[in-house]
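Chain by chain, the residues run as shown.
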Amino acid sequence: MKTLIIIPAYNDSKNIADVVKNIQQKCPDCDYIIINDCSTDETPVICDQSNFNHLDLCCNLGIGGGVQSGYLFAEKYGYDCAIQIDGDGQHDPAFIPEITKPIESGEADVVIGSRFIENEGFQSSGMRRFGIRFLSKLIKLVCKADVKDVTSGFRAVNRRFIEIFAHDYADDYPEPEAIVSTVLNGGKIKEIPVIMHERTGGVSSISPLKSVYYMIKVSLSILLFRITFKGGEKR
């Protein structure tokens, strides 16, 4: 498969070089594109000086807009598979062959790298795990999808969902809503166990206080998406 790794990055100067180095070492047959979402640190300088493949957005779009920009790039240049890896170094590219295998075999349309199947590696904070379990149950209620790690940003999609997500993707905190979109668009989802790492630099965009806001906002977004979805598109 012609495969693209999408790396959304915002103020990831302490991690981005190692992320690219790991991808080049462990997945030499994959292309990659860094989506620099108007970082205010040295991220764009590092990308320029290191000749990394990168796209500098003209304004800050947030994680959803950044990832969607990557899907638009993948659609334009005819990729068969797109993989999302965060720019903070938490996702290990060594698991990419396992994540893409169900895509290549046609077993799944979207594959999610999950830290909660074998419960190894970094498991996130207690507050976030509670929120993830809540959203997992909500998603199962609204669309019957049984996914444990609904907020994982380590995932792969096939050509069909590259095209869908390139034109319809949540603006903010998009991962749970993308699961609902996949199911409602008739897609098959598979979770693969992965080991994630704690970030070694930078600060997460979701603070403990924002975790509560995140859960409420995403829950409402999921419910509205389910209500407004009809016949392959949202009304």
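Each chain carries its own residue numbering, running from 1 in the direction its sequence is written. In keeping with the model being predicted, local features are shown solely for residues with a pLDDT of at least 70 and side-chain atom pairs are shown and tallied solely at 80 or more, while totals for entire chains, interfaces and linings include all residues. Note that water and hydrogens are dropped before the side-chain values are worked out from all heavy atoms of the structure.

K.L.:
Let's hear about empty space enclosed by the protein: which residues, and what values?
P.N.:
Grid points spaced at 1 Å over the protein atoms alone were grouped into cavities, where a 1.4 Å probe fits but cannot get out, and pockets, open sets with protein on both sides within 12 Å along at least five of seven lines, with lining residues defined by an atom within 4 Å of a point. Grid points are joined across faces, edges and corners, and a volume is the space filled by probe spheres set on the points. This structure, assessed with the given rule, holds two cavities of 30 Å³ or more. Reported here for the second largest cavity is a volume of approximately 30 Å³. Considering the residues around the second largest cavity, the lining is formed by Ala-170, Asp-172, Tyr-173, Glu-177, Lys-217, Val-218 and Ser-221. For helices the rule is a DSSP run of H or I covering at least 4 residues; for strands it is a run of E covering at least 2, with both sets numbered from the N terminus onward. With three residues, the single largest contributor to the lining of the second largest cavity is helix α8 (residues 208–228). Think of it as three bins: nonpolar holds Ala, Val, Leu, Ile, Met, Phe, Trp, Tyr, Cys and Pro, charged holds Asp, Glu, Lys and Arg, and polar takes everything else, Gly as well. When the residues that make up the lining of the second largest cavity are grouped by side-chain class, the tally is three nonpolar, one polar and three charged.

K.L.:
So, the sheet that holds strand β7 (residues 189–193): which residues are in play, and what are the values?
P.N.:
Ordered by their spatial adjacency, seven strands build an open sheet running β3-β2-β1-β4-β6-β5-β7, and the pairing between neighbours is mixed. In the strand order of this sheet, the two ends are held by β3 (54–56) and β7, each with one partner. Each strand of the sheet is rotated relative to its neighbour by a mean of 20°, with strand direction disregarded. Bridge count between strand β1 (residues 3–9) and strand β2 (residues 31–36): six bridges; the pairing is parallel. Two strands are counted as paired when DSSP detects at least two bridges linking them. Structural elements are reduced to axes, namely lines fitted to C-alpha atoms, with helices fitted over the stretch in contact, and the angle between N-to-C directions of any two is expressed from 0 to 180 degrees.

K.L.:
Residue-level account of the nonpolar core, with values.
P.N.:
Side chains of nonpolar character tend, in soluble globular proteins, to be buried together. Nonpolar cores are built from buried Ala, Val, Leu, Ile, Met, Phe, Trp, Tyr and Cys residues. Side-chain atoms within 4.5 Å join them into one set. Partly exposed describes any residue whose relative accessible area lies between the buried limit of under 20% and the exposed limit of over 50%, with all areas from a 1.4 Å probe on protein chains only and scaled to the type maximum. One finds Tyr-71, Ile-139, Val-157, Phe-165, Val-180 and Ile-222 to be the most contacted residues of the largest nonpolar core, which totals 39 residues. Of all the secondary-structure elements, those providing two or more residues to this core are β1, β2, α3 (62–76), β5 (110–114), α5 (126–143), α6 (159–167), α7 (175–184) and α8. By residue number, the principal contributor to this core is α5, which donates six residues. The next biggest cluster of nonpolar side chains, apart from the first, holds 26 residues, and it includes Ile-5, Tyr-32, Ile-85 and Ile-96.

K.L.:
So what's going on with the environment of Ser-221? Residues and values would help.
P.N.:
Here Ser-221 lies in helix α8. Put simply, Ser-221 and Ala-170 are 51 residues apart on the chain and 8.7 Å apart in space, counted from C-alpha to C-alpha.

K.L.:
Run through the environment of Leu-184, naming residues and quoting values.
P.N.:
Along the chain, the position of Leu-184 falls in helix α7. Taking C-alpha positions, Leu-184 is 8.2 Å from Arg-226, a pair spaced 42 residues apart along the chain. Whether two residues touch is decided by their heavy atoms; if any such pair falls within 4.5 Å, the residues are in contact. The contacts of Leu-184, once residues within four sequence positions are left out, are Cys-143, Phe-225, Arg-226 and Phe-229.

K.L.:
Any details on the packing of aromatic side chains? Residues and values, ideally.
P.N.:
Two aromatic rings from Phe, Tyr or Trp, using only the six-membered ring of Trp, form a pair when their centres are within 6.5 Å; if the ring planes differ by under 30 degrees the pair is stacked, by over 60 it is edge-to-face, and anything between is tilted. As enumerated under the stated definition, the model contains eight aromatic pairs in all. Between Phe-225 and Phe-229, the ring centres sit 5.8 Å apart and the planes meet at 25°, which makes this aromatic pair stacked. Residue classification places Phe-229 among the buried residues on the basis of a relative accessible area of 11%. These aromatic residues form a ring-pair network of at least three members: Tyr-71, Phe-161, Phe-165 and Tyr-169. A ring has a charge above it when a Lys NZ or an Arg CZ is no more than 6 Å from the ring centre and no more than 35 degrees off the ring normal. Geometry around Tyr-79 places Lys-2 over its ring, the cationic atom sitting 4.7 Å from the centre.

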